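A look at the structure
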Amino acid sequence: MDEPDLRHERQFGNQGPADQDDRKIGGQSDRILEQEQKPGPESRHKYCFKKLMLIDTTLREGEQRFGLYLGNQARLRILNLLIKMGVDEVEVGLAGEDSQLRELINYTAAFDLKPEISVWAPFRVKHLIMADALGPDIINTALPVSDLHIEKRLGLNRNTLLQRLEQTLSQAGEMTARISLGLEDVSRADPTFALDTARMARDLGVWRIRLSDSVGLFEPTSAGRIIAGFKKSLNMPLAFHGHNDFGMATANAVSALSAGCDYSDVSVLGIGERSGIARLEEVLAWLVFRTDHQKYDLTWLPGLSDLVADLAGIRIDEHRPIVGSKIFHVESGLHADALYKNPELFEPFAPEQLDLKRKIQLGAKSGKSAVQGKLKELFMDYDPGRLEALVSVVRQEAGLRRAPLSDTSFKRICREVERPPAKDLTLKNPLIIQDVQADESDLNAFSCPSGKSCRALAETSRSKA
């Protein structure tokens, strides 16, 4: 049996904690390894002249989420989809604590076209050497640059920290992998000292500086400002790692990239320590739709998001940006009318690009134009003289139901309003549907003020009759 195609089927539910992932996914690893690989990121990057790249750290930072434990089957599954989507760099785990890192790194060799693979290692000689022996392209490591962390966490001062930087890199010797040094807690650090540390690291052979907003204190303006300052002073690649404690991680990541940062850390659904980090799906979509990066294949994104949500026990809100299943569902009159005229008026991109669906339903917020649009959509002719009455009944019934109307319910209302009424058309109760022609979902899904379902009240109405 082939690997399920996750591009077009949101098949993963939220069925339990991630420590059961190997049991649920069981046996998929062999099928992933045997699957024929399609052209991947290298061919797309080759023709992309904008240097804005993503480091996905779902398998390292993401696994620091409280209560999340990913087995190797799940990590291979996630890695497979990240590679197919065209992410530029994947940080696959923490060297020294993960005995299965080599398998993840070796797995990527099966792809002709692949991202760069990095591992994270503590800034100690033995850990750097151990990480290099695994054969990654990049070793990510870090030192704090805020006085708070230098003094309270390490028991050092600024001078002794710089001495440690020099000694560790000198003793580690020449590495096969490139070194990326993170400056931790940079948002609470003296900017001059942080920049001096970066210059020293560069002179000692560090390839990239990764600025880490460790507790999410930056906002977009300050994130862009520090990136611009470092970019002006350093002739080397820069990366940004921003936490989401104040809900600004994605905005800060976008601001950093806009200010000249070469890379930004992201994770699927933003999972990570505490409130997590910038969300892969949001930053990636911004790159594709707002900067015209064509190197990413978004068709894999819905399945990847659902997979990680399932493993982490996360329920993806229906209106969550980019990956919510109902972000293109519309009820309000102004928006519905506009979408019937031209979807681009109120859609930032076509829903089909993310395997989503546009859906316009009528409700208590709908006006005459929206009702006319729905009639046209359903190829229904209607007496213009009854249109005002139809709009009134649509609004009233939807308000009583506290939900938009299905197309089946709307057709029923059209028939009832078009007939000369024996009684006042005003609905005293949303369940005046003795000749019920509403669809089954209407009757089961909605509750009335009494707390009973529509089906129960309808049946009571029939029995009394």
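To keep things clear, this report deals only with the structure shown in the data block. A quick note: this is a predicted structure, and the numbers were derived from the prediction, not measured. (Residues numbered from 1 in each chain as written. Predicted model: local features only at pLDDT ≥ 70, side-chain atom pairs only at ≥ 80, totals over all residues. Heavy atoms only, no water.)

1. Topic: the nonpolar core
- In terms of nonpolar packing, the biggest core is built from 97 residues, with Val-92, Ile-209, Phe-230 and Leu-280 touching the most fellow members.
- Tallying contributions element by element places helix α4 (residues 72-85) first for this core, with eight residues.
- When sequence neighbours within four positions are dropped, the list of residues in contact with Phe-230 reads Leu-183, Ala-194, Leu-195, Ala-198, Leu-211 and Leu-238. (Core = buried A, V, L, I, M, F, W, Y, C linked by side-chain atoms within 4.5 Å. Buried < 20%, exposed > 50% of the residue type's maximum accessible area, 1.4 Å probe, protein only. Helix = DSSP H or I, 4+ residues; strand = E, 2+ residues; numbered from the N terminus. Contact = heavy atoms within 4.5 Å.)

2. A word on the sheet that holds strand β8 (residues 263-266)
- Spatially, eight strands are ordered β1-β2-β3-β4-β5-β6-β7-β8 in a closed barrel, and the strand pairing comes out parallel. Averaged over all pairs of adjacent strands, the angle between strand axes in this sheet comes to 30°, irrespective of strand direction.
- Where strand β3 (residues 116-120) meets strand β4 (residues 138-144), three bridges bridge the pair, whose relative direction is parallel. Across the sheet, Ser-118 pairs through a bridge with Ile-138, a residue of β4. (Pairing = 2+ DSSP bridges. Axes fitted to C-alpha atoms, helices over the stretch in contact; angles between N-to-C directions.)

3. Regarding the side chain of Glu-89
- For Glu-89, the position within the fold is in strand β2 (residues 89-94).
- Among the polar contacts listed, one links the side chain of Glu-89 to the side chain of Arg-208, at a separation of 2.8 Å.
- When sequence neighbours within four positions are dropped, the list of residues in contact with Glu-89 reads Leu-54, Ile-55, Asp-56, Pro-115, Glu-116, Ser-118, Ile-138, Asn-140, Arg-208 and Tyr-263. (Polar contact = N/O pair within 3.5 Å; in protein donor to acceptor, adjacent residues only side chain to side chain.)

4. Concerning the packing of aromatic side chains
- Evaluated as defined, the whole model comprises five aromatic pairs.
- Relative to Tyr-263, the ring of Trp-207 has its centre 6.2 Å away and its plane inclined at 70°; by these criteria the two rings are edge-to-face. Placement of the pair is Trp-207 in the loop between α9 (191-203) and β6 (208-213) and Tyr-263 in strand β8, with a sequence separation of 56 residues.
- Judged by its relative accessible area of 6%, Tyr-263 falls in the buried class.
- Ring geometry for Phe-218 versus Phe-240: centroids 6.4 Å apart, planes at 35°, classification tilted. With Phe-218 in the loop between β6 and α10 (220-233) and Phe-240 in strand β7 (residues 238-242), this pair connects stretches of sequence that are 22 residues apart. In this structure, Phe-218 and Phe-240 share a single accessibility class: buried.
- Three or more aromatic residues joined by ring pairs make a cluster, and in this case those are Phe-289, Phe-328 and Phe-349.
- Directly above the aromatic system of Trp-207 lies the positively charged group of Arg-178, at a separation of 4.4 Å from the ring centroid.
- We note Arg-208 situated over the ring of Tyr-263; from NZ or CZ to the ring centre the distance is 4.7 Å. (Phe/Tyr/Trp six-rings, centres within 6.5 Å; stacked < 30°, edge-to-face > 60°. Lys NZ or Arg CZ within 6 Å of the ring centre and 35° of its normal.)

5. Examining helix α12 (residues 280-290)
- Of all eleven residues in α12, eight are buried, a share of seventy percent or more.
- Buried within α12 are the following residues: Leu-280, Glu-281, Glu-282, Val-283, Leu-284, Ala-285, Leu-287 and Val-288.
- Buried residues along α12 sit in contact with β1 (53-56), α4, α11 (249-258), β8 and α13 (301-312).
- The positive-phi residue at the C-terminal boundary of α12 is Asp-292, with phi of around 65°.

6. What to know about the pairing of β7
- Where burial is concerned, most of β7 is hidden: five out of the five residues are buried.
- In this sheet, β7 lies alongside β6 in parallel orientation, the contact comprising five bridges. Within β7, the position partnered with Asp-213 by the bridge is Gly-242.
- Traced from β6 through α10 to β7, the parallel crossover comes out right-handed.
- The pairing of β7 with β8 spans two bridges and is classified as parallel. Along β8, the bridge assignment pairs Phe-240 with Ser-264.
- With α11 bridging β7 and its parallel neighbour β8, the resulting β-α-β unit is right-handed. (Right-handed = clockwise from strand over helix to strand, strands pointing away.)

7. Description of the environment of Ile-360
- Within the element layout of this structure, Ile-360 appears in strand β10 (residues 359-360).
- Among the residues examined, Ile-360 registers a relative accessible area of 10% and is labelled buried.
- Spatially, the C-alpha atom of Ile-360 lies 4.8 Å from that of Val-330, the residues being 30 residues apart in sequence.
- Ignoring sequence-local partners within four residues, the contact set of Ile-360 consists of Val-330, Ala-336, Leu-339, Tyr-340 and Lys-374.

8. Observations regarding helix α6 (residues 125-133)
- Every buried residue of α6 is accounted for by His-127, Leu-128, Ala-131 and Asp-132. Around the axis of α6, the buried residues are gathered within 135° of arc, so they sit on the same side. Within α6, the exposed residues directed more than 90 degrees away from the buried face are Lys-126 and Ala-133.
- Elements in contact with the buried residues of α6: β3, β4 and α8 (158-172). (Arc of directions from axis to C-beta.)

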